[in-house]
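The lines below spell out each chain.
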Amino acid sequence: MPSTPKILPRRFFSRETTQVARELLGKLLLHSIDGEQRIGRVVEVEAYLGPADLAAHTSKGLTPRTRAMFGPPGHAYVYLVYGMHTCMNVVTEPAGTGTAILLRALEPVQNLASKTSGPGLLCKAMGITLQDYGRDLCSDDFHFAEDPAAQPFNIVARPRIGVDYAGEWAHKPLRFYMEGNKYVSRK
DNA sequence: AGCGGGATCCAT
DNA sequence: TGGATCCCGCTC
């Protein structure tokens, strides 16, 4: 019978980023907004490995924009891209490290009325906006949880999308997704 | 104070 | 393949 879901604790996020990224696949993202709970299953993510990673925003140093990404783990780093779409990241590792995981696609589970494949569309469907910048992801109304209906799956690792400017970092296999999942944003 | 670019999406 | 659209970071 349904009971209180197992919310992922802060220590889950305070570990090596690619490990967290892989383990985040298959977990549920829950966001309560306007009295309704929206739920999606994480099927595609990208790891951004800190100041040394030329594709990571923190490679530009500490600025007002990157402050949250340099902050404590288990918080949201949300930003605007191309003037119109918001992207959501989960901050990882101890505060000051500057690492995070970009959420690229969800499989709809509950109350998701629009597309969830692609980082911008995912935020739109989940109701995530710039107002959520820096929010604690270990909150009652905004958190990740174990999936009670979890099924086994294989993980595919590929280069990240849209970071061709990042030199050798552009080629590293830091994009992870569920093999064969229909909601992954691109093959 | 001004300028150019960007972890996207969609129509053509 | 290109246009929309605007915040941020850098330069002047």
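Our subject is the structure that appears above.
The text that follows walks through the structure, step by step, so that each part is easy to find. Values in this document were obtained by computation on a predicted structure and should not be read as measured data.

Next up on the list: the packing of aromatic side chains. Any two aromatic rings considered together are summarised by their centre-to-centre distance and by the angle between their planes. Applying the stated criterion to the full structure yields 4 aromatic pairs. Aromatic pair Tyr-77 and Tyr-133: ring centres 6.2 Å apart, planes at 75°, arrangement edge-to-face. Taken together, the positions of Tyr-77 in strand β3 (residues 76-81) and Tyr-133 in the loop between α3 (119-126) and β6 (138-139) put the pair 56 residues apart, joining distant regions of the chain. One cation-aromatic arrangement involves Arg-160 over Tyr-48; the distance from NZ or CZ to the ring centre is 4.6 Å. Positioned above the aromatic ring of Trp-169, the side-chain terminus of Lys-172 is 4.8 Å from the ring centre.

With that out of the way, let us pick up the protein's contact with DNA strand C. Close contacts around DNA strand C come from Thr-63, Pro-64, Arg-65, Leu-80, Tyr-82, Gly-83 and Met-84, and that covers them all. Within 4 Å of the protein, the contacting atoms of DNA strand C are 68% sugar and phosphate, with bases supplying the remainder. One of the side-chain N or O atoms of Thr-63 is found 2.2 Å from a phosphate oxygen in DNA strand C. Note that a base oxygen of DNA strand C is positioned 2.4 Å from one of the backbone N or O atoms of Tyr-82.

A few words now on the layout of surface pockets. Within this model, the largest pocket holds a volume of roughly 500 Å³. As for the largest pocket, its lining consists of 23 residues, of which Tyr-79, Val-81, Tyr-82, Cys-87 and Ile-161 are closest to the centre. At the level of secondary structure, the elements contributing two or more residues to the lining of the largest pocket comprise β2 (36-48), β3, β4 (85-92), β5 (99-110) and α3. Among the residues making up the lining of the largest pocket, the classes are represented as 15 nonpolar, 5 polar and 3 charged.

Conventions and cut-offs
- Residues numbered from 1 in each chain as written.
- Chains lettered and ligands numbered in written order.
- Predicted model: local features only at pLDDT ≥ 70, side-chain atom pairs only at ≥ 80, totals over all residues.
- Heavy atoms only, no water.
- Phe/Tyr/Trp six-rings, centres within 6.5 Å; stacked < 30°, edge-to-face > 60°.
- Helix = DSSP H or I, 4+ residues; strand = E, 2+ residues; numbered from the N terminus.
- Lys NZ or Arg CZ within 6 Å of the ring centre and 35° of its normal.
- Near = heavy atom within 4 Å.
- Polar contact = N/O pair within 3.5 Å; in protein donor to acceptor, adjacent residues only side chain to side chain.
- 1 Å grid on protein atoms, 1.4 Å probe; cavity = no way out; pocket = protein on both sides within 12 Å on 5 of 7 lines; lining within 4 Å.
- Points joined across faces, edges and corners; volume = space filled by probe spheres on them.
- Nonpolar A, V, L, I, M, F, W, Y, C, P; charged D, E, K, R; others polar.

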